[in-house]
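Structure at a glance
Spelled out, the chains give:
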Amino acid sequence: MLKNYLKIAIRNLLKHKAYSFINVFGLAIGMTAFLLILHYVWFELSYDRFHANHQNIYRVKTDYVRAGELIFDAADNFPGVGPALKRELSEVVDYTRLYNAGAKFNCVVTYQDAPAGLMKFREKKLFFADASLFTLFSFRLLKGDPKSALAEPNRIVLSESAAKRYFGMEEPIGKRLQLNDEAGHEEACVVSGVFKEVPANSHLKFDVVISYKTLHGRDDGVKRYENYWQGRDNFLTYILLTPGTDPKSVEAKLPALIDKYKPDITAVNERGERLRRHTFVLQPLADIHLHSHFSNEAEINGDSKTVYFLMMIAAFVLVIAWINYLNLATAKATERTKEIGVRKVTGATPKQLLSQFLLESFLINCIAVLAALAFIELLLPVFRGIVEKPLTNMLWSEFGLWPGLLGLFAIGALLSGLYPAFVVSSFQPSSILKGRASAASGGRSLNKLLVVFQFAASVALITGTMTIYRQLEFMRNHDLGFNPDQILVIENPARIIHGHETRPDQFRMFKSALLQYPSIKSMTRSNMIPGQQFMGGMMISRKRTENPDEFRSFHYLMVDRDFLPVYEMELQAGRNFWPEEKGMSSDSAAIILNESAAKQLGFENAASAVGQEVYLGGQPMKVIGVIRDYHHLGLQHSINPMMLTLHLDEDPEIFSVKVSAANLGAAIAQIQEQWEKSFPGNPFDFSFLDDSFAAQYKAEQRFGQVFMLFAALAILIACLGLLGLAAYAAERRTKEIGIRKVLGASVASVVGLLSKQFTKLVLMANVIAWPIAYFAINAWLQNFAYRIGIGWWMFALAGGLALLIALLTVSTQAIKVALTNPVEALRYE
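My aim in this report is to walk through the structure given alongside it, one point at a time. (Residues numbered from 1 in each chain as written. Predicted model: local features only at pLDDT ≥ 70, side-chain atom pairs only at ≥ 80, totals over all residues. Heavy atoms only, no water.)

On a plain count of helices and strands, the protein comes out with 27 helices and 26 strands. Sorting the 829 residues of the protein into buried and exposed places 53% on the buried side. Counted over contacts in the protein with a minimum sequence separation of 6, partners at least 24 positions apart contribute 79%. Roughly 36500 Å² of accessible area belongs to the protein as shown, and the carbon and sulfur atoms make up 58% of that amount. (Helix = DSSP H or I, 4+ residues; strand = E, 2+ residues; numbered from the N terminus. Buried < 20%, exposed > 50% of the residue type's maximum accessible area, 1.4 Å probe, protein only. Contact = heavy atoms within 4.5 Å. Areas by Shrake-Rupley, 256 points an atom, 1.4 Å probe, with all protein chains shown as cover.)

Packing of helix α3 (residues 81-88) against helix α9 (residues 254-261) brings their axes to within 11 Å, and their N-to-C directions diverge by 115 degrees. By the angle class used here, α3 and α9 are roughly perpendicular. α9 is crossed by α3, and the crossing has right-handed handedness. In this structure, α3 contributes Ala84, Leu85, Arg87 and Glu88 to the contact, and α9 contributes Leu254, Leu257, Lys260 and Tyr261. Taken together, the residues that form the contact of α3 with α9 break down as five nonpolar, no polar and three charged. (Axes fitted to C-alpha atoms, helices over the stretch in contact; angles between N-to-C directions. Parallel < 35°, antiparallel > 145°, perpendicular 65-115°, else oblique. Left-handed = near helix turned anticlockwise from the far one by under 90°. Nonpolar A, V, L, I, M, F, W, Y, C, P; charged D, E, K, R; others polar.)

Before going further, it helps to spend a moment on the nonpolar core. The nonpolar side chains of soluble globular proteins are, as a tendency, buried together. Counting residues in each nonpolar core, the largest one holds 115 residues, and the members touching the most others are Phe455, Leu557, Tyr567 and Leu644. Per-element accounting of this core gives the leading share, 16 residues, to helix α2 (residues 17-45). Not counting residues within four places of it along the chain, the set of residues in contact with Phe455 comprises Ala718, Leu722, Val762, Ala765, Ala802 and Ala806. (Core = buried A, V, L, I, M, F, W, Y, C linked by side-chain atoms within 4.5 Å.)

Here we come to the side chain of His631. You can see His631 is positioned in the loop between β23 (619-627) and β24 (642-646). At 3.4 Å, the side chain of His631 forms a polar contact with the side chain of His478. When sequence neighbours within four positions are dropped, the list of residues in contact with His631 reads His478, Asp479, Leu480, Phe482, Ile639, Phe693 and Tyr786. (Polar contact = N/O pair within 3.5 Å; in protein donor to acceptor, adjacent residues only side chain to side chain.)

Ring pairs (aromatic) are described by centroid distance and by the angle formed between their planes. All told, the structure shown has 40 aromatic pairs when counted by the stated rule. Here Phe121 and Tyr166 contribute two aromatic rings whose centre-to-centre distance is 5.1 Å and whose plane-to-plane angle is 90 degrees, an arrangement assigned as edge-to-face. With a gap of 45 residues between them, Phe121 in strand β5 (residues 119-122) and Tyr166 in helix α6 (residues 160-167) connect regions that are remote in the sequence. Overall, the relative accessible area of 25% leaves Phe121 in the partly exposed class. Using a relative accessible area of 3% as the deciding quantity, one classes Tyr166 as buried. Taking the centre distance of 5.8 Å and the plane angle of 50 degrees together, the rings of Phe703 and Phe707 count as tilted. Remark: Phe707 and Phe703 occur in helix α23 (residues 698-732); sequence separation between them is four residues, near one turn of the helix. The two residues Phe703 and Phe707 agree in class, both being buried. By the ring-pair criterion, three or more aromatic residues cluster together here, those being Phe50, Phe127, Phe134, Phe137, Phe139, Phe195, Phe206 and Tyr238. When the ring centre of Phe294 is taken as reference, the NZ or CZ atom of Lys61 above it lies at 4.2 Å. The ring of Phe121 has Arg165 sitting right over it, with the charged end atom 5.2 Å from the ring centre. (Phe/Tyr/Trp six-rings, centres within 6.5 Å; stacked < 30°, edge-to-face > 60°. Lys NZ or Arg CZ within 6 Å of the ring centre and 35° of its normal.)

Among the five residues of β24, five are classified as buried, and the element is accordingly described as predominantly covered. Neither face of β24 is exposed, since Met642, Leu644 and Leu646 on one face and Met643 and Thr645 on the opposite face are all buried.

Our focus in this paragraph is the pattern of salt bridges. All chains considered together, the criterion is met by 23 salt bridges. Here Glu491 makes a salt bridge to Lys124, at a shortest N to O gap of 3.8 Å. With Glu491 in strand β16 (residues 487-491) and Lys124 in the loop between β5 and β6 (126-129), this pair connects stretches of sequence that are 367 residues apart. A salt bridge links Glu568 to Lys658; the nearest nitrogen and oxygen atoms lie 3.4 Å apart. Taken together, the positions of Glu568 in the loop between α18 (563-567) and β20 (571-574) and Lys658 in strand β25 (residues 654-659) put the pair 90 residues apart, joining distant regions of the chain. Its relative accessible area of 45% is what places Glu568 among the partly exposed residues. Relative accessible area serves as the criterion here: at 8%, Lys658 is assigned to the buried category. Among the ionic contacts, a cluster of salt bridges with common partners joins Glu388, Lys698 and Arg702. (Salt bridge = Lys/Arg side-chain N within 4 Å of Asp/Glu carboxyl O.)

By the secondary structure assignment, Ala84 is in helix α3. Taking C-alpha positions, Ala84 is 8.0 Å from Asn227, a pair spaced 143 residues apart along the chain.

What follows covers a nonpolar patch on the surface. Where nonpolar side chains cluster on the molecular surface, the patch consists of Trp792, Trp793, Leu797, Leu801, Leu804 and Leu808 and spans about 660 Å² of accessible area. Examined against the element boundaries, Trp792 turns out to sit in helix α26 (residues 792-818). (Patch = residues over 30% accessible without salt bridge, like charges linked within 9 Å, V, L, I, M, F, W, Y side chains within 5 Å.)

Structurally, Asn365 can be placed in helix α13 (residues 350-387). Aside from chain neighbours lying at most four places away, what touches Asn365 is Leu27, Met31, Trp322, Ala413 and Ser416.

Helix-helix packing is characterised by the crossing angle of the two axes and by the distance between the axes. Close contact between α2 and α13 brings their axes to 7 Å; oriented N to C, the two are set at 45 degrees. With respect to α13, the element α2 is oriented oblique. As for how α2 packs across α13, the hand of that crossing is right-handed. Across the contact of α2 with α13, the residue classes tally to 19 nonpolar, four polar and no charged.

Before going further, it helps to examine unusual backbone geometry. For Asp48, which is not glycine, the phi dihedral falls at a positive 65 degrees. Within the element layout of this structure, Asp48 appears in the loop between α2 and β1 (57-66). Although it is not a glycine, Glu568 adopts a positive phi angle of roughly 55 degrees.

Here the focus is α6. Listed as buried for α6 are Ala162, Ala163, Tyr166 and Phe167. Down the axis, α6 shows its buried residues gathered within 105 degrees of arc, on one side only. Looking at the buried side of α6, the elements it contacts are β4 (107-111), β5, β8 (155-159), β9 (176-181) and β10 (186-195). Phi turns positive, to about 60 degrees, at Gly168, one or two residues after α6. (Arc of directions from axis to C-beta.)

Right under this line is the structure:
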């Protein structure tokens, strides 16, 4: 029996080739889109889950709270927190600390004994870590002992690629490397291990790891880096809890721990109320990538909202594809009424007919699945380039997904085939053989309802596409409050002194030499540049006080006197820091505020703040100027209060060089030449500010590209279904159209007749789609502090586009039928 069912199913597929192609191709596109998005979503959700103990590992983050209000939150913590937690809490099995030195300092690692000569590289992914790094986490050591590789001072462990970069084919274990950074630290380390490249789905990524005990050799090292509860800058703390421990119960014990080890970070206001200024929060390791966007993160993390939106699109596309099949199968089934009638008369039962049509549904879905798998193999490298993620074909590696995917496609095939099968098997043979079985009995109302759903989804996706495009354009073209163009950025050199000049002498000589070139317009140095996350804040008040209620936490920049001119920032009131050549005060006790800072300190306007005295950490400072608010970070973030203080002879962290666009190549060559003269032993690495600032929008741009691509696919699938339905409607009314043409109907009136019913359905779809689209795009736009408005015209335009697409699709069939000779339609009457 099964063999006969299969034979009939294949015969029907071959008999109706166009219908079969639309069904298979539409389902294949839907499944391909679904599986491609699933690859991306699965990758994002898999972050840090490869660690054997990931369910029991937590990161200890810091919240700064004042009077019950969260002022800022940070991913890092004090160096002493990890040891104290293990010492005081029985639930803590182990801890590890990672000091993100590559993010804080410019670190140069040198192999002086290389056979081919000196090998040196700037290492941005360089951490100091406790010996427990390779036992608490599941990073795999290829060479060396996980327990002892980082147990001693001056030990260094490299990734495979880093080991190859320094040593080539040489054996790395036992070789000596030297670290220099911009703070003047110099450590000679012995290679004690090589680890397999950190997986791409890890929020911690490093190429070089130096033993944490190496920090003990620095000035006051044991006190500062072991049990220190002051500086928390870039110290990440992870703890391993005993299985089954409730993290909330551990969190409840942390305030007492703070009181014991750091009582000075709590305070009492004038009313005697306790104001806790720091609190600790435990973050599950697997939640960090999608749910953590704090200062001093190890890397820029992903966004859970993006993942959820893409999952929604994937579901939409797949459901639209199945609806297509259901619509076409139901419509086409009425053509097989005589076949069903004969089979019923000869003894076929409803169960047998139901089995026949379900088998056809499963056959079409199976062919579509095979086509989708082939498309995945072809398109995955392209999709990988769009999302910029190292996606692998999980369909062949993630066996845990197979039962779920097979179950999903089986349910889809069952549901999309069940209704047409019920419709056809319910026909009465007497009515069929007398020619009274009509399409209406086949569920034409459901067809219309499903077409409305398809185009409601299409309208919503078109609206979403327009919104994303407009928001991205808004961010690209928005006035930032400074000019990022033609600014070349060089990070501070490591302190490798050759000769007797002092560090400030090196900087002055470098700047003086550069400004001799016509292609170099100006130059400044600062501790950070626009586009970089602030490393915390400083406490400031209008009057000298010990009351924490009076303090405000402001971000700060340390700059030189040329910072405002180079970045073309606008002074709203007051003046810039005095140039050195004027012989005026050094302005070491002066600050410049932005407008938001002046407002938060209670000044009526910018002018009223100038000349006023404020207190920075208890020290009096004079406000000499107020600059216009500028976007230090992307438009996802609000403009925060901030202040500028003057760099004197301290090390800057970043050089910003304004160059001429006309002589860009020459300018870069000249800068490199002077760099190598002024800072020998330091690699010359540079970037352009406009590129690095725009990189903040990379995630949104990727999301926009993916959304637009799959929205287009969803609309294409809907159009394929509509094309099939239009072809069926035109075929069903061929004789009616022939009679109308004989009676004088024009081509336009015939096209209008066939298009009218679909026009009504698309208009109904608009009414349903608009409120859904509004809530969805409004939720997405909440990710941006500065965003476009949602205008009514966007919905009208999306609805108009959907209607135009539908009419063009239907018209291809309507015109074809309208131009047919009526004699052909009526020849058998």
